[in-house]
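Next come the chains, spelled out residue by residue.
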Amino acid sequence: MDKNDKQLSLGSAQSDRMDTSVNGDLMEDAGKVHMDEAQSWGTGIINDFKQTVGTHWVTEMTNFNQKTFAVTLLLFITVISPTLTFGAVYGKETDNRIGAVETILATAWVGVVYSLIGGMPLCVIGSTGPVLAFTKSVVRIADNMGVPFLTFNAWISCWLLFYCVTAAFFDLTRVVRLATRFTDEIFALIIVSIFVMDAVGDPFSPVGILRYFDPDHKSHEEFEDDPNYDYMEVALLSTILGFGTTALIFLFRSFKDSSFFCNDGVRSSIHDFAVTMAVVSVAMVKEFLFSSVDTEQLSVPDRFQPSYQCCTSSCDTFFPDDCVDQAEAYGSRPWFVDFSDLNGKGHVPIVAAGPAILAFLLVFLDSGITWHLINHPNNKLKHGEAYNYDLVLNGLFNFVNGCLGLPWLVATTVPCIIHLNSLSEKDKDGKVIDVQETRLTLLFSHMMVGLSLLVLEILQLLPMPVLYGVFLFMGLSSLPAMQFWNRLLLWLQQSSKYPDFAFTRYMEKKKIHLYTIFQLLFFGLVFLVQNISAISIIFPLMTLLCIPARLYLLPRFFEGWEMCLMDGDDVEIDEWIVRKERSMKTGFFSDEDYKDFELEG
């Protein structure tokens, strides 16, 4: 075959691929989403337990190896930093009724218990921005009603448990399963954007590496009377430490597929321990080479005790703010919340049922969408789902936390993705081959979080810019696996050089970009709501609206086969491609035609 014949052949093949006249007939239900049939009352919880904990518990508790140890250290670093950060913000927003100690304690005990009895142990439970925003609203409501915040919060926790058990009993988690890649990746990119902005510099709050260049940054206040303190020097070193940590992590991880070092075992070890080695290395550089530069250190409490210190025995005033002339605190608040401390308002337990509905929607959607994202078929998890069972556990955990004056916790998206990716084996194209489904990494890492309460002074040695570098890595490392992100990059690429995805092979470019515009529009709406504090409490509801948009709006602009290629899972997409290639070779595009052809043959 000469050059011209080859060009004609390639052109013909490309023309066949882009021929859309028969694509809609290749798969009857292509791109359609169906709600699962409801299970009998209560059986969903039982079935979830049987197919997860009851079947795979022993295997997941005994599959210890080198990766388990490496991922444990990574997960500890991934969890402890946002835990302490959220703890500091909780202290500010709740007048120290909930603080860093309470946040550490809640994260530790819930993580350990969930690792032992949870249905989906690759999921990480922790503090999130939407829950913090809701807690701020609860504080305002309690103040307006004239009742103690912790008591009101505890009564809401009781109703939250009731709603979670009721929803699981009637198998209402089926609604979350209607979410597809369209919704999952909008939610995931929102969470990734939070990590990246918090690391680099959040325009909506004074956190991030570049914020150190602001002379009024809170980290500079402590040294404002020190004539030798130079905030620009601190900002420059913080920038080097932060971005250097991120670069070093990616460098260490790149060795796995390189030719450096003597064998695969060494390269895999460097890859697995990349985050730990980078954090320790950069922290040591700061400590030994730049010890005279006062960078911001990780803020942790000095000792293990309730954050709220009392001026008097009634514990209704905070030491030292409300009793500046008093030498020391009378004591700490009790660990157990007094449910009867209603300030004479006996209707409070009933009123709490209203805010608890919003709290339930928050927990249901925040956790549910993260569960759905982690259990996507492309991740090839084999140990089953437990939406109903885990919803009951989530309600129970937050009920106990409410009783102890601890913060509510839900499934956290980016730590879950980091956990999943770290336990996954992938091919050169980034597709998951296999996942080590274990409970040990979650167990050991959260035991370390709990034990950190005994060595708080060691955690104080960690420079905050180094942890910002870890945040940045967590966000950036999640992007390549997102189809949404890869489609955004297509706008910057030459069309003839597009990466080889199923949708770039068979779809028109304008339809690909139109789909991306729709997804970007909904991302922008959710992002906007999430970052406006006055309405951020409805952030999960905005995310929920992406589901009906996918089910009813997008099909008006795209055919089923296009939705399949853009929004389906790998199995559905592969099946469509097989049928497409078969139709190009045989001319038969429906199952009936092809079966008749086989019989005649």
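Here goes a summary of the coordinates provided. Note that the coordinates shown come from a computational prediction; the quantities given were computed from them, not determined experimentally. (Residues numbered from 1 in each chain as written. Predicted model: local features only at pLDDT ≥ 70, side-chain atom pairs only at ≥ 80, totals over all residues. Heavy atoms only, no water.)

## Considerations on the overall build of the protein chain
- Helices and strands together make up the secondary structure of the protein chain, namely 27 helices and six strands.
- On C-alpha atoms alone, the protein chain measures out to a radius of gyration of 27 Å, which is about the 25 Å that the 2.2 N^0.38 rule sets for 601 residues.
- Dimensions of the protein chain, computed from the C-alpha atoms along their principal axes, are close to 95 × 60 × 45 Å.
- The 601 residues of the protein chain split such that 53% are buried.
- Partitioning the intrachain contacts of the protein chain with sequence separation of at least 6 by distance along the chain shows that 78% fall at a separation of at least 24.
- Roughly 27400 Å² of accessible area belongs to the protein chain as shown, and the carbon and sulfur atoms make up 61% of that amount. (Helix = DSSP H or I, 4+ residues; strand = E, 2+ residues; numbered from the N terminus. Rg over C-alpha atoms; globule rule 2.2 N^0.38 Å. Buried < 20%, exposed > 50% of the residue type's maximum accessible area, 1.4 Å probe, protein only. Contact = heavy atoms within 4.5 Å. Areas by Shrake-Rupley, 256 points an atom, 1.4 Å probe, with all protein chains shown as cover.)

## Things to note about the environment of N144
- Inspection of the secondary structure puts N144 in helix α6 (residues 129-145).
- Overall, the relative accessible area of 71% leaves N144 in the exposed class.
- In this structure, the C-alpha to C-alpha distance between N144 and L544, residues 400 residues apart in sequence, is 30 Å.

## A closer look at the side chain of N398
- Along the polypeptide, N398 turns up in helix α15 (residues 387-404).
- Of note is the side chain of N398, whose polar atom sits 2.8 Å from the backbone nitrogen of L409.
- Once residues lying within four places of it in the same chain are set aside, the contact partners of N398 are S157, L160, V363, W408 and L409. (Polar contact = N/O pair within 3.5 Å; in protein donor to acceptor, adjacent residues only side chain to side chain.)

## Some words on the packing of aromatic side chains
- As enumerated under the stated definition, the model contains 31 aromatic pairs in all.
- Ring centres of W159 and F162 lie 6.1 Å apart, and the angle between their planes is 90°; this geometry places the pair in the edge-to-face category. Here F162 and W159 lie together in helix α7 (residues 149-169), a separation of three residues that amounts to about one turn.
- Overall, W159 belongs to the partly exposed group, its relative accessible area being 26%.
- F162 sits in the partly exposed class, given a relative accessible area of 47%.
- Ring centres 5.3 Å apart and planes at 75° place the aromatic pair Y506 and W576 in the edge-to-face group. Here Y506 is found in helix α21 (residues 502-506), whereas its partner W576 is found in helix α26 (residues 570-586), with 70 residues between them in sequence. Here Y506 matches W576 in class, with each residue buried. (Phe/Tyr/Trp six-rings, centres within 6.5 Å; stacked < 30°, edge-to-face > 60°.)

## What about unusual backbone geometry?
- The phi dihedral of D95 falls on the positive side, at around 55°, and the residue is not glycine.
- Mapped onto the fold, D95 is located in the loop between α4 (66-93) and α5 (100-117).
- You can call D95 partly exposed: its relative accessible area is 45%.
- Even without being a glycine, N343 presents a positive backbone phi close to 55°.
- With respect to the element layout, N343 can be found in the loop between β3 (331-332) and α13 (348-351).
- On the basis of relative accessible area, N343 is assigned to the exposed category, the value being 52%.

## Observations regarding a negative patch on the surface
- On the surface, D216, E221, E222, E224, D225, D226, D230, E233 and D294 cluster together into a patch of negative charge.
- Looking at D230, the relative accessible area reads 37%, which means it is partly exposed. (Patch = residues over 30% accessible without salt bridge, like charges linked within 9 Å, V, L, I, M, F, W, Y side chains within 5 Å. Salt bridge = Lys/Arg side-chain N within 4 Å of Asp/Glu carboxyl O. Lys, Arg positive; Asp, Glu negative; His and termini not counted. Charge placed at Lys NZ, Arg CZ, Asp CG, Glu CD.)

## Re the nonpolar core
- Membership of the largest hydrophobic core comes to 160 residues, with the highest contact counts inside it found for F152, L565 and W576.
- Beyond its immediate chain neighbours, meaning those up to four positions away, W576 contacts N23, L26, M27, Y506, W561, C564 and L565. (Core = buried A, V, L, I, M, F, W, Y, C linked by side-chain atoms within 4.5 Å.)

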